[in-house]
Amino acid sequence: MESDNGMHQLLKDLFPLCRSITGHGVRQTLQRLGEEIPVRCTEIPSGTQVLDWIVPEEWNIREAWIEGPDGTRLVDFANHSLHVVSYSEPIEAVLTLEQLEPHLHSLPDQPHAIPYRTSYYQRSWGFCLPDRIRKSLSKGNYRVRIDSDLAPGHLTFGEIYLPGSSTEEVVLSAHICHPSLANDNLSGIVVAVEIAKWLQAMVDRKLSYRILLAPGTIGSIAWLSKNRASLDRIRYGLVLNGLGGPHPWTYKRSRRGDHRIDKITESILTRRSPASVIEPFSPYGYDERQFCSPGFQLPFGSLSRACWGRYPEYHTSGDNPDYVSASSLQESAELIKEIVRAIECERVSEEGLYVGTVRYGEPQLGRRGLYGTAGEIDTMAVLWVLNYSDGEHSLREIADRSGIPTERLVRAAQGLLERGLLSRPL
């Protein structure tokens, strides 16, 4: 069995907390993340208009259970937070099986799994349970109790902001609203925090970085509503989700489909894993659909390992810490680090064009230590930079033509500049 890394252990620490789109579980999660890296929290009162939405009442729950006719406790929120439909209103009653049935949810095709269900914007209540238990229920009277509150409160989201030499931003977003779901929710959170810690240690950040940890849909809408004046700073965005499972990576393009975040991510994924799936934008999924809505049309793609709904554990109790592996989390973090390095190099490549100082024929690279070297400077990158450094092609364009990652081209250009083989055009 593989050993846990820091991300997997953090995921296990967060797993028992009952998160929803509002409430104590979200605050407890952000507080725990604040022990890893400084997180600034924002709270928006219930009833606040955010774009076309209204921040709902805050939901908190203390206990919930069903007792059978013989007094046996058949379902208990204390054993698993998925047992209660999220945002269930309070109830205490004795019901017949016929009265109880409409409020029960199970998965006939997965008889041992507990499904995840919500009722965020419609007053209701319900329980989720394995289908094998549901089918075993006999006629009689059942005592049910949900001790919860739906009352004016706040919606909470967290941000980690790391300034660079430019105020232009890269935003990484992860939703923080699901209870006890390890891959769909927590994997994106812990990988985002890992990237934030890595970025914090990067002393020469060219761009500024913002990690957004917000409840799905309503959280990103609230954040967009409160930050409309500064959205023009965003140059790249990624929504992170489902990054801990055993599946190949899936990248969903931005609404534009041809933005640099799309080209960079697709290039790296194609090179890293030929099994990766590249998909066009669609107006359904995670918070990329809010960031990419027509009025904003921000450059956000979505990165996951298997898209939502495409693995049987999705939104069930099967999505637990054992389903997520430390190695998958680490691989996802390394992939995102490579994307960030390429974005940083992209920034360098946009600062100007280059011109080769040897215009006729290829300069002799061997005597300058640039041919066949096994060091950081790649010979093929050197050759591509030399051939297209004519004052008209940027490193970004050279990367597109060559398929060589921008960061390798940047290193090659720096080596050529140091040896006098490149100059800036006047």
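Refer to the structure presented above.
Every value quoted in this text rests on a predicted model; they were computed, and no experiment measured them. (Residues numbered from 1 in each chain as written. Predicted model: local features only at pLDDT ≥ 70, side-chain atom pairs only at ≥ 80, totals over all residues. Heavy atoms only, no water.)

Undergrad: I would appreciate a short explanation of helix H10 (residues 379-388) in the present structure.
TA: An α-helix turns once per 3.6 residues; consequently, residues spaced three or four apart project the same way. The complete set of buried residues in H10 reads Thr379, Ala381, Val382, Val385 and Leu386. All buried residues of H10 project into a common sector of 155° when viewed along the axis, lining one side. Packed against the buried residues of H10 are helix H11 (395-402), helix H12 (406-418) and strand E18 (422-423). Measuring from the backbone nitrogen of methionine 380 back to the side-chain oxygen at the start of H10 gives 2.9 Å, which picks out aspartate 378 as the cap. (Buried < 20%, exposed > 50% of the residue type's maximum accessible area, 1.4 Å probe, protein only. Helix = DSSP H or I, 4+ residues; strand = E, 2+ residues; numbered from the N terminus. Arc of directions from axis to C-beta. Contact = heavy atoms within 4.5 Å. Polar contact = N/O pair within 3.5 Å; in protein donor to acceptor, adjacent residues only side chain to side chain.)

Undergrad: Before we go on, may I ask you to explain the packing of helix H1 (residues 6-14) against helix H5 (residues 182-200) in this structure?
TA: Between two packed helices, the angle of one axis relative to the other and the distance separating the axes together describe the packing. The geometry of H1 relative to H5 is characterised by a closest axis approach of 9 Å and an angle of 130° between their N-to-C directions. By the angle between their directions, the pair H1 and H5 is classed as oblique. When you trace H1 past H5, the crossing you get is right-handed. Residues Met7, Leu10, Leu11 and Leu14 of H1 touch H5, and the partners they reach there are Ala182, Leu186, Ser187, Val190, Val191 and Glu194. (Axes fitted to C-alpha atoms, helices over the stretch in contact; angles between N-to-C directions. Parallel < 35°, antiparallel > 145°, perpendicular 65-115°, else oblique. Left-handed = near helix turned anticlockwise from the far one by under 90°.)

Undergrad: Help me understand the packing of H11 against H12 in this model?
TA: Where H11 contacts H12, the two axes come as close as 9 Å, and the packing angle between them is 125°. Between H11 and H12, the crossing angle belongs to the class labelled oblique. The element H11 and its partner H12 pack so that their crossing is right-handed. Here Leu395, Ile398, Ala399 and Ser402 of H11 lie close against H12, whose contacting residues are Thr406, Leu409, Val410 and Ala413. Partitioning the contact of H11 with H12 into residue classes produces six nonpolar, two polar and no charged. (Nonpolar A, V, L, I, M, F, W, Y, C, P; charged D, E, K, R; others polar.)

Undergrad: It is not clear to me how the sheet that holds strand E9 (residues 141-151) should be interpreted in this structure. Could you clarify?
TA: Adjacent strands of a sheet pair through backbone hydrogen bonds, lying either parallel or antiparallel. Reading across the sheet, the four strands line up as E5-E4-E9-E6 and stay open at both edges, with antiparallel pairing between neighbours. If you trace the sheet from one side to the other, it starts and ends with strand E5 (73-76) and strand E6 (91-96), each paired once. Recorded for the sheet is a direction-independent mean angle of 15° between the axes of neighbouring strands. In the sheet, strand E4 (residues 58-67) pairs with E5 via three bridges, with the strands oriented antiparallel. Pairing of isoleucine 66 across the sheet is with valine 75, part of E5. (Pairing = 2+ DSSP bridges.)

Undergrad: Whenever I open this one, the environment of tyrosine 251 confuses me. Can you help?
TA: Relative to the assigned elements, tyrosine 251 resides in strand E14 (residues 249-252). Look at tyrosine 251 and you get buried, because its relative accessible area is 0%. Put simply, tyrosine 251 and isoleucine 44 are 207 residues apart on the chain and 32 Å apart in space, counted from C-alpha to C-alpha. Those residues in contact with tyrosine 251, other than ones at most four positions away along the chain, are Leu238, Ile261, Asp262, Thr265, Glu266, Leu269, Val277, Ile278, Glu279, Gly301, Ser302 and Leu303.

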